[in-house]
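The residues making up each chain are set out below.
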Amino acid sequence: MNLADSTAVVTGSSSGIGLAICRALLDAGASVFGLSRRETPIAHERFRWLKTDVTVEAEIDQAFEAVFAESGRIDLLVNNAGIGFFRDIESIDPVEWRRLIDTNLTAMFLCTRKVVPSMKAAGRGMIVNIGSVAGKRGIRGGTAYCASKFAVNGFSESLMEELRGFGIRVSCINPGSVMTEFFDHAGIEPKKHMQSDDLAQLIVSLVALPDGMLPDEMTVRPL
Ligand SMILES: NC(=O)c1ccc[n+]([C@@H]2O[C@H](COP(=O)([O-])OP(=O)(O)OC[C@H]3O[C@@H](n4cnc5c(N)ncnc54)[C@H](OP(=O)(O)O)[C@@H]3O)[C@@H](O)[C@H]2O)c1
């Protein structure tokens, strides 16, 4: 995809990986809409923050209406918003479980269904879903988080098969540890970690590949 003059939507833009992806997309020439609850700290003429709680369907509807009204199209959706915690199953409250699934999985479905019709009409577009290595193998304490990220992988692979015939590329990126605010609440400490700017560069380079190439899945770990 030629990112210059493209329009991208990134969920979870206020910190960490999402913030780094927004910056890398802006550097590559895209116009970027960032969705998050807290303000996204980017001042750039091609960036607009839309205050959105992705667990609230009406707020997602409002945000995508605003993007389409302003830009007329969406070439790239990055489903990045996510939360995580690692605890024994007895100490996971059902409310927390539902909030995690709503944020990591259901929001991905709700945002994706907003962009697919116009991408199909255009015969092109790309959807990048942020999974995790925790979506490839179970981790002690990770019943909720791993379940959500395994589901993100299943959602992404199915969506990839569904949309590739329409010229729409779907990629699932499964990172290992990246040092972000995620670990302020996760209840675990990574032994090694990557930098969010480096991961963002990788993701933007995959998006920038020629439209005929479909990088459907990538796992990337700290060395
Ligand atoms: N850090 C890692 O090691 C790692 C590894 C693999 C995968 N991941 C995944 O990478 C993604 C980004 O995580 P991160 O590491 O960058 O963590 P982070 O710094 O905590 O960022 C999480 C982002 O998600 C947003 N978010 C959370 N709940 C939201 C909601 N209800 N509505 C809207 N936005 C919401 C946050 O924005 P607000 O709080 O402002 O709403 C924030 O911008 C997540 O999907 C995470 O699972 C992270």
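Under the annotation held in an unreviewed UniProt entry, the chain carries the name Oxidoreductase, short-chain dehydrogenase/reductase family and is attributed to Chlorobaculum tepidum. The Sequence similarities (unreviewed entry) comment attached to the chain in UniProt states, word for word, "Belongs to the short-chain dehydrogenases/reductases (SDR) family."

Sorry, what's going on with the site of the ligand here?
Lining the immediate surroundings of the ligand are 31 residues, of which Ser14, Arg37, Tyr145, Val178 and Thr180 lie closest. Between the ligand and asparagine 80 there is a distance of 2.8 Å, counted from an oxygen atom to a backbone nitrogen or oxygen. About the coverage of the ligand: the protein hides 96% of its 870 Å² of free accessible area. Within the shell around the ligand, the residues separate by chemical class into 10 nonpolar, 16 polar and 5 charged.

Quick question: what am I supposed to make of the side chain of asparagine 153 here?
When you line up the elements, asparagine 153 lands in helix 4 (residues 143–163). In terms of polar contacts, asparagine 153 uses its side chain to reach the backbone carbonyl oxygen of lysine 149, at 3.1 Å. In this structure asparagine 153 touches Ser132, Gly135, Lys136, Cys172, Asn174 and Glu217, once residues within four positions along its chain are discounted.

Just checking my understanding: could you explain the nonpolar core for this structure?
Note that soluble globular proteins tend to have their nonpolar side chains buried in a common cluster. Within the largest apolar cluster, 31 residues are counted, with the highest numbers of intra-cluster contacts made by Ile21, Leu25, Val32, Leu76 and Val128. Looking at this core, the elements with two or more residues in it are strand 1 (7–11), helix 1 (16–27), strand 4 (76–79), strand 5 (125–130) and helix 6 (196–207). Among the elements that take part in this core, helix 1 stands out by supplying 8 residues, more than any other. The next biggest cluster of nonpolar side chains, apart from the first, holds 28 residues, and it includes Ile74, Leu110, Met119 and Val152.

Could you clarify how one ought to interpret the pairing of strand 5 in this entry?
Within a regular strand, side chains alternate between the sheet's two faces. In terms of residue burial, strand 5 counts as a mostly covered element, since 6 of its 6 residues are buried. Burial along strand 5 is two-sided: the residues Gly125, Ile127 and Asn129 and Met126, Val128 and Ile130 are all buried. Both strand 4 and strand 5 contribute to a ladder of 4 bridges, which runs parallel. Bridge pairing in strand 5 places leucine 76 opposite methionine 126.

Criteria and thresholds
- Residues numbered from 1 in each chain as written.
- Predicted model: local features only at pLDDT ≥ 70, side-chain atom pairs only at ≥ 80, totals over all residues.
- Heavy atoms only, no water.
- UniProt positions renumbered as here; feature names shortened; annotations may be inferred.
- Near = heavy atom within 4 Å.
- Polar contact = N/O pair within 3.5 Å; in protein donor to acceptor, adjacent residues only side chain to side chain.
- Areas by Shrake-Rupley, 256 points an atom, 1.4 Å probe, with all protein chains shown as cover.
- Nonpolar A, V, L, I, M, F, W, Y, C, P; charged D, E, K, R; others polar.
- Helix = DSSP H or I, 4+ residues; strand = E, 2+ residues; numbered from the N terminus.
- Contact = heavy atoms within 4.5 Å.
- Core = buried A, V, L, I, M, F, W, Y, C linked by side-chain atoms within 4.5 Å.
- Buried < 20%, exposed > 50% of the residue type's maximum accessible area, 1.4 Å probe, protein only.
- Pairing = 2+ DSSP bridges.

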